[in-house]
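Each chain, letter by letter, is given below.
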There are 2 protein chains.
Amino acid sequence: MDSSESVKVALDAMGGDYAPAETVKGAVAALEADPGIRIALVGKGDEIRQELSKYDYQKDRIEIVSASDTIDMAEAPVNAIRTKKDSSLVVGLNMVKNGEADALVSSGNTGAVLAGGQLIVRRIKGVQRPPLAPLIPTAAGPKLLIDCGANVDARAQHLVQFAHLGSIYMESVVGIKNPKVALVNIGAEEEKGNALAKETYPLLAASKNINFIGNIEARDIPYGKADVIVTEAFVGNVILKLYEGLAKVLMKGLKDSIYSSTRSKIGGALLKPALKNTLGQFDVSQYGGAPLLGLRGLVVKTHGSSKANEIRNTILQCLAFKEQDINGKIRKYIEEENAADANQSGREDRDE
Amino acid sequence: MDSSESVKVALDAMGGDYAPAETVKGAVAALEADPGIRIALVGKGDEIRQELSKYDYQKDRIEIVSASDTIDMAEAPVNAIRTKKDSSLVVGLNMVKNGEADALVSSGNTGAVLAGGQLIVRRIKGVQRPPLAPLIPTAAGPKLLIDCGANVDARAQHLVQFAHLGSIYMESVVGIKNPKVALVNIGAEEEKGNALAKETYPLLAASKNINFIGNIEARDIPYGKADVIVTEAFVGNVILKLYEGLAKVLMKGLKDSIYSSTRSKIGGALLKPALKNTLGQFDVSQYGGAPLLGLRGLVVKTHGSSKANEIRNTILQCLAFKEQDINGKIRKYIEEENAADANQSGREDRDE
């Protein structure tokens, strides 16, 4: 892609299980993939330079931003953000806040990325709770699962906003026109579910500018029956992680079966491309990281176990996010909601 | 199995997508599998007799109990139970209530089975909310998912009771000594999760007579890291149905891949037994139906799409449930809890 647009991504080079080797490798791969990308590698200069020395790359498109500290995977998120001012994550988030970068990508402590996004980059005015929204694989291509870990004990109003933010993302970044929105529930009928689902359904049904198709049961998610799968964070997290776990266990089971006899070993060798293709389709890491939607800049969380390829794909995602002006569209949606609310109160005033 | 014990199972012969053909076939297969089983086929006599005429079976071990009505899959549960007094489900549940059968098995309307169990068979005194507890397949064999659809918006106290009921079941019916109990959560640490998980964790940790190992993330469920997987019904239902959906979609994807080229077709033929073995391990229907625990008699819900084999396995399960005197053990647990509570209040009184 040769684009006149460009994006500058701050990469938390020290975050994740394979940092900084895989983060730096992924950054270099992203530079090669698109000329519109510039990267700030944030972290311990010596370690980053050592990794960078392994590659040929355009030196004017990568800078190193020094940060002496790191945040561990198990640290208490809010406390880590508040006290570790010179950690690679906090320094990177501040670059986004100060307009020195368009996006921050991190494979580090999820809670810290979520907390830091809200505390440092801050919400767009009117966004109640920024949701974490990964693309998940289905038989009908990637679909958006929203929210997936940012907001436990969410209320119905939050889920309605997730539906709008998710629709904007799917239409603009994934290119699905008028994306189908569904609410995760334990039955197809409107009256099914827990208190939150029952309260949310009529609000979604009454929402303008989204294509609400009703409830979706979990068994239909892998078929790709909805483009934007709306749920609160606890359930979303369970869905995402069960996807990961079940696909891995099935893949391991298949491998064990294949190596259990000569006959199946030969079969396995012949079948390998087909198996890899199918199971690869259900690899949750293929689409890159999950954006935290509704912040004043882009913050993207990638898996803690991310390798270079996921880092690369995530950085490329940031370009589409900026090109499509997702945040401009989110602001426009918020303005329209406010205008509708004002109108509504106006009418109510007259009714009195 | 040649057992001196015997069980009488009322089978809702009209419930499910393939009734009465598959229900009757399953009943005959169960009779053949164990001499301790007697069955009452409840439903429309003519249709049942016609199906029965296809088989050889011991006539003195099967009776037909006439019920003129049926409950559809989409009917409102409580209303159906209250108004359709001569439906196969209600007649069967009344047999359990009146001691004419030890168990009721149905593949019909889930909500109606759950509501009917509570309204007609009734709870054991002290059981707050009877949970639906299916066995799910994992890499380490079958594990119990409790609750899975009976009690949305459950409270922490209910989850603690699910842990105890589930432990009794896994130890007695599945034969796992001191079963490991875990709470479904979105992180491993005690302080993680939504309000319900945070409230439930310390209560489980303080519970005697269960082997609580802490939180379990959804990605670890398919590995079989816990024997009793405790969660409220909404999340449990999502887990169960995503298991079903994802396994089916992956299996279909594999089949499509195999038939995509000659090379993979040959490989697929050689690999077929191994593939079938692995994917068969993750078929949720293999363990039979899900019991509704804590009622005064046994009520078991099987999949709406049950074929004869699942019906047969479910009827066999009823024998183990009775032999192991699960309800006697549940009553004993309730008594001990009450005694502990009384003791506790005694101490509190003295403290004052």
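Below: a short report on this structure. (Residues numbered from 1 in each chain as written. Chains lettered and ligands numbered in written order. Predicted model: local features only at pLDDT ≥ 70, side-chain atom pairs only at ≥ 80, totals over all residues. Heavy atoms only, no water.)

**Side note on the overall build of chain A**
Counting its secondary structure elements, chain A contains eleven helices and eleven strands. Computed over C-alpha atoms, the radius of gyration of chain A comes to 21 Å, within 12% of the 20 Å expected from 2.2 N^0.38 for 352 residues, which places it in the range of a compact globule. Oriented by its inertia axes, the alpha-carbon framework of chain A measures out at about 70 × 60 × 40 Å. Residue burial in chain A is summarised as follows: out of 352 residues, 56% are buried. Long-range contacts, defined here as pairs at least 24 residues apart, represent 73% of the contacts in chain A between residues at least 6 apart. Summed over all atoms, the accessible surface of chain A reaches about 14,900 Å², with 46% contributed by carbon and sulfur. Each charge class in chain A can be summarised by its mean position, and for the 43 positive and 44 negative side chains these summaries are 4 Å apart. (Helix = DSSP H or I, 4+ residues; strand = E, 2+ residues; numbered from the N terminus. Rg over C-alpha atoms; globule rule 2.2 N^0.38 Å. Buried < 20%, exposed > 50% of the residue type's maximum accessible area, 1.4 Å probe, protein only. Contact = heavy atoms within 4.5 Å. Areas by Shrake-Rupley, 256 points an atom, 1.4 Å probe, with all protein chains shown as cover. Lys, Arg positive; Asp, Glu negative; His and termini not counted. Charge placed at Lys NZ, Arg CZ, Asp CG, Glu CD.)

**Here we look at the environment of Gln281 of chain A**
Residue and element names in this part refer to chain A. In this structure, Gln281 sits in helix α9 (residues 262-281). Sequence spacing of Gln281 and Gly187 is 94 residues, and the spatial spacing of their C-alpha atoms is 27 Å. Ignoring any residue separated from it by four or fewer positions in sequence, one finds Gln281 in contact with Pro137, Gln286 and Tyr287.

**Remarks on the pairing of strand β7 (residues 180-184) of chain A**
All names here are of chain A. For β7, the buried fraction is high: four of the five residues fall into the buried class. The pairing of β7 with strand β8 (residues 211-216) spans five bridges and is classified as parallel. Bridged to Val184 within β8 is Ile216. Taken together, β7, helix α7 (residues 195-206) and β8 form a β-α-β motif whose crossover is right-handed. Pairing between β7 and strand β9 (residues 228-230): three bridges, direction parallel. In the sheet register, Leu183 faces β9, and the bridge partner there is Val230. (Pairing = 2+ DSSP bridges. Right-handed = clockwise from strand over helix to strand, strands pointing away.)

**Comments concerning the sheet that holds strand β2 (residues 37-43) of chain A**
Residue and element names in this part refer to chain A. The strand order across the open sheet built from six strands is β3-β2-β1-β4-β11-β10, with neighbouring strands paired in mixed fashion. The open sheet has two edge strands with one neighbour each: β3 (62-66) and β10 (290-292). Going from strand to strand, the sheet's axes swing by 25° on average, the running direction of each strand aside. In the sheet, β10 pairs with strand β11 (residues 298-301) via three bridges, with the strands oriented antiparallel. Pairing of Ala290 across the sheet is with Lys301, part of β11. Sheet strands touched by helix α5 (residues 110-121): β4 (103-106), β10 and β11. Its angle to β11, the strand with the most contacts, is close to 175°. (Axes fitted to C-alpha atoms, helices over the stretch in contact; angles between N-to-C directions.)

**Brief notes about the packing of helix α1 (residues 21-33) of chain B against helix α2 (residues 45-52) of chain B**
Working note: a packed helix pair is described by the angle between its axes plus the distance between those axes. All names here are of chain B. Running from N to C, α1 and α2 cross one another at 55°; their axes reach a closest spacing of 9 Å. By the criterion of interaxial angle, the relationship of α1 to α2 is oblique. For the pair α1 and α2, the sense of crossing is right-handed. Contact residues: α1 offers Ala21, Val24 and Val28, while α2 offers Ile48, Glu51 and Leu52. Here the residues of the contact of α1 with α2 are counted per class, giving five nonpolar, no polar and one charged. (Parallel < 35°, antiparallel > 145°, perpendicular 65-115°, else oblique. Left-handed = near helix turned anticlockwise from the far one by under 90°. Nonpolar A, V, L, I, M, F, W, Y, C, P; charged D, E, K, R; others polar.)

**A few points about the relation of the copies chain B and chain A**
The two copies are related by a screw motion: chain B maps onto chain A through a turn of 180° and a shift of 0.0 Å along the axis, at an RMSD of 0.0 Å. Those values place the two copies in the arrangement expected of a two-fold rotation axis. Closest to the rotation axis within chain B is the C-alpha of Gly267 of chain B, separated from it by 1.9 Å. Comparing interface residues between copies, 98% of those in chain B also sit at the interface in chain A, which points to an isologous, same-surface contact. (Least-squares fit on C-alpha atoms with pLDDT ≥ 70 in both.)

**Considerations on the interface of chain B and chain A**
With 49 residues of chain B at the contact, the number on the chain A side is 48 residues. Looking only at chain B, the three residues that lose the most surface to chain A are Ile186, Phe234 and Leu242 of chain B, adding up to 14% of its buried area. For the pair chain B and chain A, the number of links is four salt bridges. Counting across the chain B and chain A interface gives eight residue pairs in polar contact (both at pLDDT 80 or more). (Buried area = accessible area lost by both parts, 1.4 Å probe. Salt bridge = Lys/Arg side-chain N within 4 Å of Asp/Glu carboxyl O. Polar contact = N/O pair within 3.5 Å; in protein donor to acceptor, adjacent residues only side chain to side chain.)

**Description of the sheet that holds strand β11 (residues 298-301) of chain B**
All names here are of chain B. Spatially, six strands are ordered β3-β2-β1-β4-β11-β10 in an open sheet, and the strand pairing comes out mixed. This sheet does not close on itself; its edge strands, each paired only once, are β3 (62-66) and β10 (290-292). Taking the axes of each pair of neighbouring strands and ignoring which way they run, one obtains an average angle of 25° across the sheet. Here strand β2 (residues 37-43) pairs with β3 via five bridges, running parallel. Its bridge partner lying in β3, Gly43 is registered against Ser66.

**Quick word on the environment of Gly294 of chain B**
Residues and elements named next belong to chain B. For Gly294, the location among the structural elements is in the loop between β10 and β11. Exposure remark for Gly294: the relative accessible area of 1% places this residue in the buried category. Ignoring sequence-local partners within four residues, the contact set of Gly294 consists of Arg123, Ile124, Val127 and Ile330.

**Overview of the packing of aromatic side chains**
Residue and element names in this part refer to chain A. Inspection of the entire model under this criterion finds four aromatic pairs over all chains. Aromatic pair Tyr201 and Phe212: ring centres 5.2 Å apart, planes at 75°, arrangement edge-to-face. Taken together, the residues Tyr201 in helix α7 and Phe212 in strand β8 connect sequence positions eleven residues apart. The pair formed by Tyr201 and Phe212 is uniform in burial state, with each residue classed as buried. Directly above the aromatic system of Tyr223 lies the positively charged group of Lys225, at a separation of 5.8 Å from the ring centroid. (Phe/Tyr/Trp six-rings, centres within 6.5 Å; stacked < 30°, edge-to-face > 60°. Lys NZ or Arg CZ within 6 Å of the ring centre and 35° of its normal.)

**A look at the pattern of salt bridges**
Under the defined criterion, the tally for this structure stands at 24 salt bridges over all chains. Lys177 of chain B is the salt-bridge partner of Glu171 of chain B, the closest N and O atoms lying 3.9 Å from each other. Put simply, Glu217 and Arg219 of chain A together with Lys241 and Glu244 of chain B are held in one network by salt bridges that share partners.

**Details of the nonpolar core**
Generally speaking, nonpolar side chains in soluble globular proteins are found buried as a group. Ile39 and Leu41 of chain A together with Ile39, Leu41 and Ile221 of chain B are the most contacted members of the largest nonpolar core, which totals 173 residues. Other than its neighbours up to four places away in sequence, Ile39 of chain B contacts Val9, Leu11, Ala27, Ala30, Leu31, Arg61, Ile62, Glu63 and Ile315 of chain B. (Core = buried A, V, L, I, M, F, W, Y, C linked by side-chain atoms within 4.5 Å.)

**Brief notes about the pairing of strand β1 (residues 7-12) of chain B**
Within a regular strand, side chains alternate between the sheet's two faces. All names here are of chain B. Along β1, six of the six residues are buried, which leaves the element largely enclosed by surrounding structure. Sheet topology places β1 next to β2; six bridges connect them, and they run parallel. From the neighbouring strand, Val7 faces β2, where its bridge partner is Ile37. Crossover connection from β1 via α1 to parallel β2: handedness right-handed.

**Examining empty space enclosed by the protein**
Residues and elements named next belong to chain B. Overall, the coordinates contain two cavities of 30 Å³ or more when judged by the stated rule. Taken as a whole, the largest cavity spans an internal volume of roughly 60 Å³. In terms of lining, the largest cavity is formed by Asp12, Met14, Gly15, Ile71, Ser88, Leu89, Ser106, Gly108, Asn109 and Val113. Per-class residue counts for the lining of the largest cavity are four nonpolar, five polar and one charged. The volume enclosed by the second largest cavity comes to roughly 40 Å³. (1 Å grid on protein atoms, 1.4 Å probe; cavity = no way out; pocket = protein on both sides within 12 Å on 5 of 7 lines; lining within 4 Å. Points joined across faces, edges and corners; volume = space filled by probe spheres on them.)

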